[in-house]
Structure formats: C-alpha cells, structure tokens
Amino acid sequence: MTKIIAHRGSKGTHPENTLAAFKEAVRVGADGIELDVHLSKDNQLIVIHDETVDRTTDGSGRVADLTVAELKQLDAGSWFKQFPISQEVPTLNEVLQLLEQEKFCGLLNIEIKTDKIHYEGIEALLVQLMQKQLWSFEYMYSSFHFSSLEKIWSIEKNQAIALIFNSSDRKKLLALEIPFITGIHPNIDWTLTHLDELADFPKAVRPWTVNDKEKMKTCIKDQFAGFHTDFPEIALQIREETRT
Ligand code: G3P
Ligand code: MG
C-alpha cells in the first residue's frame, strides 16, 4: 500500500516542522512523517527546513550561527496565517520524544539538509541519536546530498537510505547503481514525466510534494512505495476512495 507521508508534518494546515505539525500528522493517521534536520552553533540537531530562521520564525540569521538557547527564544508558529500558533523551533530529540508519546508507529523520514551548508559531523550525530534507543516507529534517512548518505551508510547499515532529487535522470541512474541507496524521492513533476520507466524501477519511489488530488491518485494507482504531501488527511481520503 502506498504510504502517505506528511511533509514537514502536516505542513498544509499547521506551521511546518513544529511539534504541532507532527502531532497533527499522527492525529490524522499519516503512515509517515518527513522532517528536515540542520545543526545549531552548539552542535544540536535542529528540525527546520531552511538554512536560516528568517522565513519560518520571528527571528533572523543562520541556524548554524545560533545556539539552541537562542533558537528557543524564537516563535516558529505564529507566522503561519492559516493556523497561527506559538511554537518553538524543535530539536530532533524533542520530535522523537513527541512521536513516542503519541505512539506513532509509522515511518519517520529524516532529511539531512546538507545540500547548501556543510555541517561537520551531522551524520554521525544523527546516527548516534537514533541508535540511542529503540523507537516505536521505523525510520529512514534521505538527502539531496549524496555524500551525506555515503557517510550515513558508512556507520549505519540497517536503515533505508533514499536519494532526493528535483529532476535528474542522472540521479535516478546513480540511485540504481549504488546498492546502499534503497529508494528515490524525486519531484512529482519529474516523476509524472517518467511513469513508464518508474513502473519497473527496482527501488522504493516516494515523490514530493504531492498536493494535487489527481497526482495523488496517480501515485496510488502506480503503486509507488509512498509520497510526500502537505495534506495527509486529504491523501488518506483519496487512498480510501480508490480502494472502494
Ligand atoms: O524529502 C522530500 C522533500 O522534503 C524534499 O524537499 O525542500 O521540502 O525538503 P524539501
Ligand atoms: Mg524535506
């Protein structure tokens, strides 16, 4: 069954990459949750999409230049017009604890955001944190940045690893050739122009970001392993309708 993965939590209805967005994703019954990870100035794993806090908080500056204490002063939720709610910028550890509390038992997709900034040692810190305890949910790693995935693989052989890309036949071939890459996460528009060749692609395909109902139906009909959406509740309804 095609997994419905909540992109940055339930990003369409709640401020992205906040505890509120992740809690909502669990509430609606998403099969998976995707989040983005950066490193703070004091080497803590921080869940946020951009390299800077400017777009999604009331602060400014690079995550890499702010300590957790500084990041915790910011409001990461009130900017979101559809559902303004005061939220902290979460650490990855806080998100993991929330998912445990909420008894999430789906798939957590951790995206390592190293495509623009090189965060020294982020991969080792991440694996160290994830291996610290047994989780109630499955998890996997993904990145646009191939060398981060290589680093993960060098220290963690038991989890799924996916290469993210926008639109690149070359990246698809790379993912096919490299045994430790277990899946691809391509842009949905590229995906839709490559449906024939993806039909027999031997690794998991989980496109992003699928918010259009017809595109959701195509992903389900083509039996992709999953897809990322800002609206998991709608996607779950669509999947239910296509089964009946
Ligand atoms: O992992 C899929 C998707 O999250 C990649 O794009 O920019 O939303 O992190 P982005
Ligand atoms: Mg992402």
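Each remark here, short or long, concerns the structure printed above.
Fair warning: this is a prediction, and the values are worked out from it, not measured in the lab.

Basis of the calculations
- Residues numbered from 1 in each chain as written.
- Chains lettered and ligands numbered in written order.
- Predicted model: local features only at pLDDT ≥ 70, side-chain atom pairs only at ≥ 80, totals over all residues.
- Heavy atoms only, no water.
- Axes fitted to C-alpha atoms, helices over the stretch in contact; angles between N-to-C directions.
- Helix = DSSP H or I, 4+ residues; strand = E, 2+ residues; numbered from the N terminus.
- Parallel < 35°, antiparallel > 145°, perpendicular 65-115°, else oblique.
- Left-handed = near helix turned anticlockwise from the far one by under 90°.
- Contact = heavy atoms within 4.5 Å.
- Donors = N, O, S within 2.8 Å, 3.2 Å for Na, K, Ca; no water.
- Buried < 20%, exposed > 50% of the residue type's maximum accessible area, 1.4 Å probe, protein only.
- Near = heavy atom within 4 Å.
- Polar contact = N/O pair within 3.5 Å; in protein donor to acceptor, adjacent residues only side chain to side chain.
- Areas by Shrake-Rupley, 256 points an atom, 1.4 Å probe, with all protein chains shown as cover.
- Nonpolar A, V, L, I, M, F, W, Y, C, P; charged D, E, K, R; others polar.
- Arc of directions from axis to C-beta.
- Phe/Tyr/Trp six-rings, centres within 6.5 Å; stacked < 30°, edge-to-face > 60°.
- Lys NZ or Arg CZ within 6 Å of the ring centre and 35° of its normal.

Trainee: Just to check I follow, could you spell out the packing of helix H9 (residues 213-221) against helix H10 (residues 232-243) for this structure?
Mentor: Any two packed helices are characterised by the angle at which their axes cross and by the distance between the axes. As a packed pair, H9 and H10 sit with axes 10 Å apart at the nearest point and diverge in direction by 55°. Viewed along their axes, H9 and H10 adopt a mutual orientation that is oblique. Taken as a pair, H9 and H10 cross one another with a handedness that is right-handed. Judged by residue contacts, Lys213, Met216, Lys217 and Ile220 of H9 engage Ile234, Ala235, Ile238, Arg239 and Thr242 from H10.

Trainee: Explain the coordination of the magnesium ion (ligand 2) here, please?
Mentor: As a benchmark, a tetrahedral metal site with four donors has ideal angles of 109.5 degrees, while an octahedral site with six donors has ideal angles of 90 or 180 degrees. For the magnesium ion (ligand 2), the protein coordination sphere consists of Glu34 (OE), Asp36 (OD) and Glu111 (OE), at 1.9 to 2.1 Å. In terms of primary sequence, the donors binding the magnesium ion (ligand 2) are separated according to E-x1-D-x74-E. One end of the pair, Glu34, is in strand E2 (residues 32-39); the other, Glu111, is in strand E4 (residues 107-112), with 77 residues separating them in the sequence. The buried category is assigned to Glu34, whose relative accessible area is 3%.

Trainee: Quick question: what am I supposed to make of the site of ligand 1 here?
Mentor: Close contacts around ligand 1 come from His7, Arg8, Glu34, Asp36, His49, Glu111, Lys113, Phe144, Ile164 and Trp208, and that covers them all. Here an oxygen atom of ligand 1 and a side-chain polar atom of Arg8 are 2.8 Å apart. At 3.2 Å from an oxygen atom of ligand 1 is found a side-chain nitrogen or oxygen belonging to Asp36. Within the complex, 93% of the 290 Å² of free accessible area of ligand 1 lies under protein. Looking at the shell around ligand 1 residue by residue, the class counts come to three nonpolar, two polar and five charged.

Trainee: Help me understand the packing of helix H1 (residues 19-28) against H10 in this model?
Mentor: Orientation of H1 relative to H10, taken along the N-to-C sense of each, is 20°, at an axis distance of 9 Å. On the basis of the axis angle, H1 is roughly parallel to H10. For H1 against H10, the interelement crossing comes out right-handed. On H10, the residues that touch Glu24, Arg27 and Val28 of H1 are Pro232, Glu233 and Leu236. Across the contact of H1 with H10, the residue classes break down as three nonpolar, no polar and three charged.

Trainee: Explanation requested: helix H4 (residues 122-131) in the structure shown.
Mentor: Given 3.6 residues per helical turn, the α-helix brings residues three or four places apart onto the same face. Among the residues of H4, those classed as buried are Ile122, Glu123, Leu126, Val127, Leu129 and Met130. Buried residues of H4 fall within an arc of 160° about the axis and therefore sit on the same side. Those residues of H4 hidden inside the fold are in contact with E2, strand E3 (45-47), helix H3 (92-101), E4, strand E5 (138-143) and helix H5 (146-155).

Trainee: Help me out: how do you make sense of the packing of aromatic side chains in this one?
Mentor: For any pair of aromatic rings, geometry is given as the distance between the ring centres together with the angle between the planes. Applying the stated criterion to the full structure yields eight aromatic pairs. With a centroid separation of 5.9 Å and 80° between ring planes, the pair formed by Phe144 and Trp208 is classed as edge-to-face. Placement of the pair is Phe144 in the loop between E5 and H5 and Trp208 in the loop between strand E8 (204-205) and H9, with a sequence separation of 64 residues. By way of ring pairs, the aromatic residues Phe104, Trp135 and Phe137 are connected into one cluster. Geometry around Trp153 places Lys157 over its ring, the cationic atom sitting 4.6 Å from the centre.

Structural measurements only, silent on function.
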